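If you want the building blocks of each chain, they are given just below.
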Amino acid sequence: MKKMIGLSVLTIFLVGCTGNNGIINKDDHKVTSTPAETNEQVEEEVVEETPLVTEENVFTEGTIEQLVNPAYALSETYEPSDLVLVDLLSTQETYLRSEAYEALKELFEAANEEGLQLYAVSGYRSYAMQETLYNNYVYQHGQEEADRFSAKPGTSEHQTGLVMDVSSESAWFGLSESFEATPEGEFVKNNAHKYGFVVRYLKGKEDITGYMYEPWHIRYFGKELAQELYDSGLTYEEYLENNNISLTPVSQAK
Ligand SMILES: [Zn+2]
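Let me begin by describing the structure that accompanies this report. All figures in this text were calculated on a predicted structure; none of them were measured in a lab.

**Focus: the overall build of the protein**
Reasoning step 1: Of the regular secondary structure elements, the protein holds 11 helices and 6 strands.
Reasoning step 2: Of the contacts formed within the protein by residues at least 6 apart in sequence, a portion of 65% connects residues at least 24 apart.
Reasoning step 3: Put simply, the protein shows about 14300 Å² of open surface, and 50% of that area lies on carbon and sulfur atoms.

Now the structure itself:
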């Protein structure tokens, strides 16, 4: 609108000049056309980047970015609608959401190209399965110890269908810290993010995540967010806080 006004002024001015003596005064012309040029600059669009994490995607059930930890639980009834059988080397029948499965397949193939064989050990677990597992651990180890490595029902990331526990023959197909030092564990640590996964429970961050170091537990976040998390060296909780999403500390929830 402003630009149109500018042009109208210019037109009237030109007509006026011609009417007078047929000569356009260069200096006057310049002054008259300046407002139109300035308006064009102001009207340029400012494109803002959409952040990878927002309160909406972090706290909505079923999103790839959803935060699940002892302070943020999934509902008892949540079950992903797109679970598929993990048709890869595995120690048992296990399922993942389809997007995470496709990414895991890529990760396993990349390992294979390096002469390494990863095994899927445990993917999706329902609320009820987690409840049974947790109660068994409490029975065997006592609650305090069980809480260090097993999630209370609803607070397990496995219920998202976006997590796989992985192992290798060199780690006796088990889930223990010794997996880190195996060639397969090294590969996972250094490459999982390229396929959209991160090692979720980092060393020395037990107070923040609520879990001890688990080099075998990889969570799917998609390539872009996984790369950011990997580069930052932060846990997901720390990364969210850095992106102005304030959280209830895990320690208060236990
Ligand atoms: Zn796990």
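**What about the coordination of the zinc ion?**
Reasoning step 1: Protein coordination of the zinc ion is provided by His-158 (NE2), Asp-165 (OD), Asp-165 (OD) and His-217 (ND1), with donor distances spanning 2.1 to 2.8 Å.
Reasoning step 2: Taken together, the 4 donor atoms coordinating the zinc ion span angles of 51 to 156 degrees at the metal, a pattern that classifies the geometry as irregular.
Reasoning step 3: Taken in sequence order, the residues that donate to the zinc ion follow the motif H-x6-D-x51-H.

**Quick notes on the pairing of strand 4 (residues 163-167)**
Reasoning step 1: Within strand 4, 5 of the 5 residues are buried, which leaves it mostly tucked inside the rest of the structure.
Reasoning step 2: Pairing analysis gives 3 bridges linking strand 3 (residues 119-122) to strand 4, with the strands arranged antiparallel. Within strand 4, the position partnered with Ser-122 by the bridge is Asp-165.
Reasoning step 3: With 3 bridges joining them, strand 4 and strand 6 (residues 217-220) adopt antiparallel strand pairing. When the sheet's bridge partners are listed, Met-164 is paired in strand 6 with Ile-218.

**Considering the side chain of Glu-157**
Reasoning step 1: As for its position among the elements, Glu-157 is in the loop between helix 6 (143-149) and strand 4.
Reasoning step 2: Side-chain polar atoms of Glu-157 contact the side chain of His-217, separated by 2.9 Å.
Reasoning step 3: Not counting chain neighbours up to four residues away, the residues in contact with Glu-157 comprise Val-68, Val-163, Arg-200, Tyr-201, His-217 and Arg-219.

**Description of the environment of Gly-115**
Reasoning step 1: The topology assignment puts Gly-115 in the loop between helix 4 (98-113) and strand 3.
Reasoning step 2: We classify Gly-115 as exposed; its relative accessible area is 64%.
Reasoning step 3: Here the alpha-carbon distance between Gly-115 and Glu-184, two residues 69 residues apart in the chain, equals 9.5 Å.

**Describing the sheet that holds strand 3**
Reasoning step 1: A sheet is described by the order of its strands in space; here 4 strands give the open sequence 3-4-6-5, paired in antiparallel fashion. At either margin of the open sheet sits one strand with a lone partner, and together these are strand 3 and strand 5 (197-199). For this sheet the average axis-to-axis angle between neighbouring strands, irrespective of direction, equals 40 degrees.
Reasoning step 2: Lying on the sheet, helix 4 is in contact with strand 3, strand 4, strand 5 and strand 6; it crosses strand 6 at an angle near 125 degrees.

**Focus on the nonpolar core**
Reasoning step 1: Grouped together as the largest cluster of nonpolar side chains are 29 residues, with contacts concentrated most on Val-86, Leu-104, Leu-107, Phe-108, Val-188 and Ile-218.
Reasoning step 2: Where this core is concerned, the elements lending two or more residues are helix 4, strand 4, helix 7 (183-191), strand 5 and strand 6.
Reasoning step 3: When near neighbours in sequence (up to four residues on either side) are disregarded, Phe-108 contacts Leu-88, Leu-89, Leu-118, Tyr-119, Ala-120 and Val-166.
Reasoning step 4: Val-53, Val-58, Val-198 and Ile-245 belong to the second-largest nonpolar core, a separate cluster that totals 14 residues.

**Details of the packing of aromatic side chains**
Reasoning step 1: According to the stated counting rule, one finds 6 aromatic pairs in the structure shown.
Reasoning step 2: Aromatic pair Tyr-119 and Phe-173: ring centres 4.8 Å apart, planes at 75 degrees, arrangement edge-to-face. In this pair, Tyr-119 is assigned in strand 3 and Phe-173 in the loop between strand 4 and helix 7, connecting sequence segments 54 residues apart.
Reasoning step 3: For Phe-173, a relative accessible area of 33% puts it in the partly exposed group.

**Examining the environment of Pro-70**
Reasoning step 1: Looking at where Pro-70 falls in the secondary structure, it is placed in the loop between helix 3 (55-58) and strand 1 (83-85).
Reasoning step 2: On the basis of relative accessibility, which here comes to 14%, the residue Pro-70 falls in the buried class.
Reasoning step 3: For the pair Pro-70 and Gly-210, spaced 140 residues apart in the sequence, the C-alpha separation amounts to 6.9 Å.

**Some details on helix 5 (residues 127-141)**
Reasoning step 1: For helix 5, spanning 15 residues, the distance from its first C-alpha to its last is 21 Å, which sits close to the expected 21 Å at 1.5 Å a residue.
Reasoning step 2: Here helix 5 has its buried residues at Tyr-127, Gln-130 and Tyr-134. Down the axis of helix 5, the smallest arc covering the buried residues is 60 degrees, so these residues share one side. Exposed positions of helix 5 whose direction lies more than 90 degrees from the buried face are Tyr-139 and Gln-140.
Reasoning step 3: Among the structural elements, helix 6 are those in contact with the buried residues of helix 5.
Reasoning step 4: Where helix 5 terminates, the next one or two residues include Gly-142, which has phi positive at roughly 90 degrees.

The rules behind the values
- The numbering scheme is per chain: residues are counted from 1 as the chain's sequence reads.
- Confidence filtering applies because this is a predicted model: local features only for residues at pLDDT of at least 70, side-chain atom pairs given and counted only at 80 or more, and all residues used for totals across whole chains, interfaces and linings.
- Only heavy atoms go into the side-chain values, all of them from the structure, while hydrogens and water stay out.
- The helix and strand labels rest on DSSP assignments: H or I over at least four residues marks a helix, E over at least two residues marks a strand, and numbering proceeds from the N terminus.
- We call two residues in contact when some of their heavy atoms are within 4.5 Å.
- In these tables, accessible area is a Shrake-Rupley quantity obtained with a 1.4 Å probe, and a residue counts as shielded only by the protein chains included in the view.
- Shown as donors are all N, O and S atoms within 2.8 Å of a metal ion, widened to 3.2 Å for Na, K and Ca; because water is not in the atom set, sites may appear incomplete.
- The geometry test gives tetrahedral to four donors whose angles all lie between 85 and 135 degrees, gives square planar to four donors and octahedral to six donors whose opposite members are over 155 degrees apart with all other angles between 65 and 115, and gives irregular to the rest.
- We call a residue buried when its accessible area falls under 20% of the maximum for its residue type, exposed when it is over 50%, and partly exposed in between, using a 1.4 Å probe and counting protein chains only.
- Here, a strand pair is defined by DSSP locating no fewer than two bridges between the strands.
- Nitrogen and oxygen atoms within 3.5 Å of one another constitute a polar contact, given that in protein one can donate a hydrogen and the other can accept it, and given that sequence-neighbouring residues count only through two side-chain atoms.
- Geometry is summarised by axes, namely lines fitted to C-alpha atoms with helices restricted to the contacting stretch, and by angles between N-to-C directions that run from 0 to 180 degrees.
- The set of buried Ala, Val, Leu, Ile, Met, Phe, Trp, Tyr and Cys residues whose side-chain atoms join them within 4.5 Å is what this entry labels a nonpolar core.
- Centres within 6.5 Å are what make two rings of Phe, Tyr or Trp a pair, Trp counting through its six-membered ring; a difference in plane orientation under 30 degrees is then read as stacked, over 60 as edge-to-face, and the rest as tilted.
- Helices are assigned an expected span. That span is 1.5 Å times one less than the residue count.
- For this quantity, the arc is that covered by the directions from the helix axis to the C-beta atoms.

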